[in-house]
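Structure assessment
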Amino acid sequence: MSLLLPPNATIGIVGGGQLGRMSALAAARLGYRCHILTQDANDPAVQVAHGHTLGDYEDSATLRRFAAAVDVITFEFENVSAEGLDLLASLKPVRPSPEILRISQNRIAEKTFLNAAGVPTAPWRAVRSLAELQHAASELGLPAILKTARLGYDGKGQRLLRDMADLAAAFEELSPKPLILEGFVSFACEISVIVARGADGGIAAFDTVENRHRDHILDLTLAPARVQDPVAHAAQALARRVAEALDLVGLLAVEMFVTHDGKVLVNEIAPRPHNSGHWTIDACPASQFELHIRAVAGLPLNEAVRHSDAVMKNLVGPEELALWPEILATPGLIPHHYGKSEARPGRKMGHVTRLFPRGALPGDFGVADALGCLATPPAHA
Ligand code: AMP
């Protein structure tokens, strides 16, 4: 079914966070209204949206009220149940499909799907018991990373296993089960590609970018990634392959590792706008959020072109948000505040982008210099 949503139509977004906020802002530029399903009327997306439905994501009466208020539905938040999305999909078009959410929500389903599509990942084993963990650890070797299959993000729900003696405690601590054991990838860097695919099968992918984490939370994105051309191209090809294999209609982020010998392995996929694509708001004529909305609304995708190089720095927790006045006073920093009323440690409060002419992205020292007051933020408590 092809859908060409007319201006003034209403796009329903499941989830009220900053990804929904920035999607709603992009939708408004295209003449759409957004209606948010969330649990808190103060959420970042609600503040900039036309309407909202408050309630539990699993409650069928809430889901029906939400569906009745919108013309098409998407999501910015992956911890809604796929069954909830199935109910929504019986009432209004849901893009991306609940099936794609189902795959991306579970690391075992995700890696099974990726490997079947010929997409390389770290070696892995599903783990349902301590005996299975011991067997998997002897097959994959240590160090390895034990993760919950579901409900993990920003490094939550995972343990690094260095020694066979670590197994029992880690198995006990991590929940919900089942778990997945992944071979430890000694990577040279982490990269990602954001790809949009329309209902007609047309694809647009943003340039491969490089991601740096601090305390398991994205700290910096450098656009483009400073990797050899064959690595950047391999990443692009993998992202397109995943989008096609999923029959995606919508936006998808593909996070990858680059090994020291230049191999590209997919770590995880997220069928929604992604933190590593925030730079596109300022460095591209059409951002990841605009392409998300275009794909959901059935509009032509437009190209994912980049007019500038960029560095994106997340503002995490009260320490980094405290730099806001200095950020506002620093020429060249482009500030984005998510409107969250409470700055908790580890919470993403906003981000800052700095643009450079194409081809002029500086080396590490220059990046630190360019970020000025943000170069050496205090360590997290
Ligand atoms: P994830 O929650 O899977 O995105 O993992 C969070 C971060 O942990 C990644 O961005 C990597 O820095 C690290 N990580 C995850 N899985 C592996 C792995 N198999 N090998 C090495 N590092 C990993």
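Quick caveat: nothing in here was measured; it's all calculated off a predicted structure.

What counts and how
- Residues numbered from 1 in each chain as written.
- Predicted model: local features only at pLDDT ≥ 70, side-chain atom pairs only at ≥ 80, totals over all residues.
- Heavy atoms only, no water.
- Salt bridge = Lys/Arg side-chain N within 4 Å of Asp/Glu carboxyl O.
- Helix = DSSP H or I, 4+ residues; strand = E, 2+ residues; numbered from the N terminus.
- Buried < 20%, exposed > 50% of the residue type's maximum accessible area, 1.4 Å probe, protein only.
- Axes fitted to C-alpha atoms, helices over the stretch in contact; angles between N-to-C directions.
- Parallel < 35°, antiparallel > 145°, perpendicular 65-115°, else oblique.
- Left-handed = near helix turned anticlockwise from the far one by under 90°.
- Contact = heavy atoms within 4.5 Å.
- Nonpolar A, V, L, I, M, F, W, Y, C, P; charged D, E, K, R; others polar.
- Pairing = 2+ DSSP bridges.

Regarding the pattern of salt bridges
Under the defined criterion, the tally for this structure stands at 23 salt bridges. Note that Arg306 is salt-bridged to Asp207, the shortest N-O span being 2.7 Å. Placement of the pair is Arg306 in the loop between helix H10 (288-297) and strand S15 (308-316) and Asp207 in the loop between strand S10 (203-205) and strand S11 (209-214), with a sequence separation of 99 residues. Residue Glu342 is joined to Arg344 by a salt bridge in which the shortest nitrogen-to-oxygen separation is 3.2 Å. By relative accessible area, Arg344 is classed as partly exposed at 39%. Look at the salt bridges and you will find they share partners, linking Glu83, Asp86, Glu99 and Arg102 into a network.

Notes on the packing of helix H1 (residues 18-29) against H10
Between H1 and H10, the least distance of the axes is 8 Å, while the angle of their chain directions is 70°. When the axis of H1 is compared with that of H10, the two are roughly perpendicular. Two packed elements cross with a definite hand, and for H1 against H10 that hand is right-handed. Between H1 and H10, the contacting residues are Leu19, Met22, Ser23, Ala26, Ala27 and Arg29 on the first element and Phe289, Glu290, His292 and Ile293 on the second. In terms of residue class, the contact of H1 with H10 is made up of six nonpolar, two polar and two charged.

Some details on the sheet that holds strand S2 (residues 33-38)
Read from one edge of the open sheet, four strands run S3-S2-S1-S4, paired in parallel fashion. Each end of this open sheet is capped by a strand with a single partner; those strands are strand S3 (51-54) and strand S4 (72-75). The mean angle between the axes of side-by-side strands here comes to 25°, regardless of whether they run parallel or antiparallel. As judged from the four bridges shared by S2 and S3, these two strands associate in the parallel manner.

Purely geometric numbers; function is a separate question.
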